[in-house]
Amino acid sequence: TEVELIKADLGFQEFTTGAVIEDGPLALTNGTPLNIEFNQLESVIRTTPTMIAPENYDLAIRDNVEAADPTQPYDQSLVVTFKEPPATNPPGGDGGTGGTSTINDQTNTLVESALSTLATTIAADDLFVDSVLRSRTGARQGLFAAARAGKYSYDTNTRLETNIVQGLLGFGASLGNTNVGGFIEMGHGSYDSRMNSLLGDVTGEGSQNFAGVGVYVDYGLPIDGWRLTGYIKGGQIDNSFSATIAGVNAGYDEENFYWGAHLGTHYDFDVADLMRARVFLSYFYNGVDSSSYDIAGNAEIGGARISIDSINAHRVQAGSMLEFLPGSNLRPYLGLTVEQTIAAQASGTATDAKGTMDLNASDLEGTTGILSAGWTYSAGSFSTELGLNGYAGTRNGFSGQIQANWRF
């Protein structure tokens, strides 16, 4: 069996002399001849390598197109010819030495898909906290609504690109110096997962829809300007994904329960006659339920069952905001946040006819800087805000948001 290793449109030349390497077998007299690793797909998740010894293959230069000038070779290939079919699984026999099965790294795209559900729930966290618990117009009293659209990319095991549109609707009331309320959240996301593999590059595409409910509290401490905030929430997210792995359809449609909690504090103080500052510290916990599904094989490739573990994430945000007060109604603001994702890993297993293997884990862990700017407008019982956010680091991208509050 002949396999093309390298195709050279301008042909091959000796490195030291520059002499043309002519069509025909290569005599490997310098250095140590190398074993060749041959990988065989046994199922959509499993590959088995075989090391083929030098005495069991021949290397040669092949002329694809004969050059008009023999001193200027044109369109050649380096090819290997196996003297007998490569053996797999120990013992490898005369053809080589069989190796231990490894996970097909194309399955990384399935882990990335699971991780995208976590990225979507994190975006929902940020909208609620930014528009409600860190509101610059005061406590929510009555009906409030907010919406945000963003485009993000994440530095994961590969690269995850997401587009998320989300909204929330809630009602708040004041009990003395404490504000409490409930809310519903919903949204839609689309994402791409792209990865390179020696077995063939994989591009996965998916979409998500989610909806959830939650309750919150915004408690005023005895020190003027200092407040504690928190919420708990839960909901369901539907994740539809499509990709081709090992030449078979590896798509699925899964529904998962998600949950989240937040605890934070912020302190407001005046820094000038027309300027007010806020410093804040927040903790977030997010979780997505486990899932499992089957990938059907075909006549040549065996299928497998994929099991993704539940995902739990912990994040911390610290930052400050500066609000300008040039007038009583319109107030611009500028903020800077540093976010550290401490734990946010997706992992799981894959099972085929020969047994169970661990999938390659992926995570959203790392540091992100967030720059925020916008304007707040309030008049009577109504207030609204327009804002933009830029992200750099583990999470990259931008988002825009609008929110409104009606007091009764």
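Caption draft 1: Fine view of the overall build of the protein. Broken down by element type, the protein carries 1 helix and 27 strands. In terms of overall size, the protein is more extended than a compact globule, its C-alpha atoms giving a radius of gyration of 29 Å where 408 residues would be expected to give roughly 22 Å. Overall size of the protein, expressed as C-alpha extent along the three principal axes, is 90 × 50 × 30 Å. Of all 408 residues assigned to the protein, the portion counted as buried reaches 47%. In the protein, of all internal contacts separated by at least 6 residues, the share reaching a separation of at least 24 is 66%. As displayed, the protein has an accessible area near 19,100 Å², and 57% of this comes from carbon and sulfur atoms.

Caption draft 2: Region of the structure containing the sheet that holds strand β6 (residues 76–82). What the 4 strands build is an open sheet, ordered β1-β6-β5-β2; its pairing is antiparallel. Strands with a single pairing partner mark the edges of an open sheet, and in this sheet they are β1 (2–8) and β2 (24–25). Sheet topology places strand β5 (residues 57–63) next to β6; 7 bridges connect them, and they run antiparallel. Among the inter-strand pairings, Asp-58 is bridged to a residue of β6, identified as Thr-81.

Caption draft 3: Quick peek at empty space enclosed by the protein. Counted according to the given criterion, the structure contains 5 cavities of 30 Å³ or more. What the second largest cavity holds in volume is close to 90 Å³. Forming the walls of the second largest cavity are 14 residues, and the residues nearest its centre are Ala-114, Thr-117, Asn-256, Ser-291 and Ile-308. Going through the elements one at a time, α1 (108–133), β16 (252–272) and β18 (291–295) are the ones with two or more residues in the lining of the second largest cavity. Taken together, the residues of the lining of the second largest cavity break down into 7 nonpolar, 4 polar and 3 charged.

Caption draft 4: Just unusual backbone geometry, in detail. Even without a glycine there, the phi angle at Ala-246 is positive, about 55°. Its location among the elements puts Ala-246 in the loop between β14 (244–245) and β15 (248–249).

Caption draft 5: Representation of the packing of aromatic side chains within the structure. Overall, the coordinates contain 13 aromatic pairs when judged by the stated rule. Each member of the aromatic cluster is reached from another via a ring pair, and the members are Phe-128, Phe-144, Phe-183, Tyr-216 and Tyr-231. Over the aromatic face of Phe-284 sits the side chain of Arg-315, whose NZ or CZ is 4.4 Å from the ring centroid.

Caption draft 6: Main features of the confidence of the model for the protein. The predicted model of the protein has a mean per-residue pLDDT of 87, with 91% of residues at 70 or higher. Under a pLDDT of 50 for its full length, residues 88–97 has, in the predicted model, 25 contacts with residues more than four places off or in other chains.

Caption draft 7: Highlighting a negative patch on the surface. Among the surface-exposed residues, Glu-22, Asp-23, Asp-63 and Glu-66 lie close enough to one another that they form a single negatively charged patch. Here Glu-22 shows up in the loop between β1 and β2.

Caption draft 8: Representation of the sheet that holds strand β23 (residues 355–358) in the model. Pairing is antiparallel across the open sheet formed by 4 strands, whose spatial order is β18-β19-β22-β23. Edge positions in the sheet fall to β18 and β23, since each of these pairs with one other strand and no more. Direction aside, neighbouring strands of the sheet carry axes that sit 20° apart on average. Note: strand β19 (residues 304–308) against strand β22 (residues 348–352), 4 bridges, orientation antiparallel. Residue pairing across strands places Ile-308 opposite Gly-348, the latter belonging to β22.

Caption draft 9: Region of interest: the pairing of strand β20 (residues 311–324). With burial as the criterion, only one face of β20 is covered, namely that bearing Ile-311, Ala-313, Arg-315, Gln-317, Gly-319, Met-321 and Glu-323; the residues Asn-312, His-314, Val-316, Ala-318, Ser-320, Leu-322 and Phe-324 on the opposite face remain uncovered. With 14 bridges joining them, strand β17 (residues 275–288) and β20 adopt antiparallel strand pairing. Counterpart to Phe-284 in the pairing with β20 is Arg-315. Two strands pair when backbone bridges link them, and β20 and strand β21 (residues 330–346) are joined in this way by 11 bridges, in the antiparallel orientation. Across the sheet, His-314 pairs through a bridge with Ala-343, a residue of β21.

Caption draft 10: Just the environment of Leu-263, in detail. Within the secondary structure, Leu-263 sits in strand β16. Taking the C-alpha atoms as reference, Leu-263 lies 15 Å from Leu-127; in sequence the two are 136 residues apart. Apart from residues lying up to four places away in sequence, Leu-263 is in contact with Thr-229, Gly-230, Leu-281, Ser-282 and Tyr-283.

Caption draft 11: Fine view of the environment of Pro-332. Inspection of the secondary structure assignment puts Pro-332 in strand β21. Considered as a pair, Pro-332 and Glu-2 are 330 residues apart in the sequence and their alpha carbons are 69 Å apart. Residue contacts for Pro-332: discarding those within four places in its chain leaves Leu-322, Glu-323, Phe-324, Pro-326, Gly-374 and Trp-375.

Caption draft 12: Just the pattern of salt bridges, in detail. By the definition in use, this model includes 21 salt bridges. Residue Lys-233 pairs with Glu-185 through a salt bridge whose shortest N-O separation is 3.2 Å. With a gap of 48 residues between them, Lys-233 in strand β13 (residues 226–242) and Glu-185 in strand β11 (residues 178–195) connect regions that are remote in the sequence. For Glu-185, a relative accessible area of 4% puts it in the buried group. Here Arg-227 and Asp-218 are joined by a salt bridge, their closest N and O atoms 2.7 Å apart. There is no split in this pair, since Arg-227 and Asp-218 are both buried. Three or more residues are tied together by salt bridges with common partners; here these are Asp-125, Asp-126, Glu-185, Lys-233, Arg-315, Glu-339 and Arg-395.

The rules behind each value
Residues numbered from 1 in each chain as written. Predicted model: local features only at pLDDT ≥ 70, side-chain atom pairs only at ≥ 80, totals over all residues. Heavy atoms only, no water. Helix = DSSP H or I, 4+ residues; strand = E, 2+ residues; numbered from the N terminus. Rg over C-alpha atoms; globule rule 2.2 N^0.38 Å. Buried < 20%, exposed > 50% of the residue type's maximum accessible area, 1.4 Å probe, protein only. Contact = heavy atoms within 4.5 Å. Areas by Shrake-Rupley, 256 points an atom, 1.4 Å probe, with all protein chains shown as cover. Pairing = 2+ DSSP bridges. 1 Å grid on protein atoms, 1.4 Å probe; cavity = no way out; pocket = protein on both sides within 12 Å on 5 of 7 lines; lining within 4 Å. Points joined across faces, edges and corners; volume = space filled by probe spheres on them. Nonpolar A, V, L, I, M, F, W, Y, C, P; charged D, E, K, R; others polar. Phe/Tyr/Trp six-rings, centres within 6.5 Å; stacked < 30°, edge-to-face > 60°. Lys NZ or Arg CZ within 6 Å of the ring centre and 35° of its normal. pLDDT = per-residue confidence, 0-100. Patch = residues over 30% accessible without salt bridge, like charges linked within 9 Å, V, L, I, M, F, W, Y side chains within 5 Å. Salt bridge = Lys/Arg side-chain N within 4 Å of Asp/Glu carboxyl O. Lys, Arg positive; Asp, Glu negative; His and termini not counted. Charge placed at Lys NZ, Arg CZ, Asp CG, Glu CD. Axes fitted to C-alpha atoms, helices over the stretch in contact; angles between N-to-C directions.

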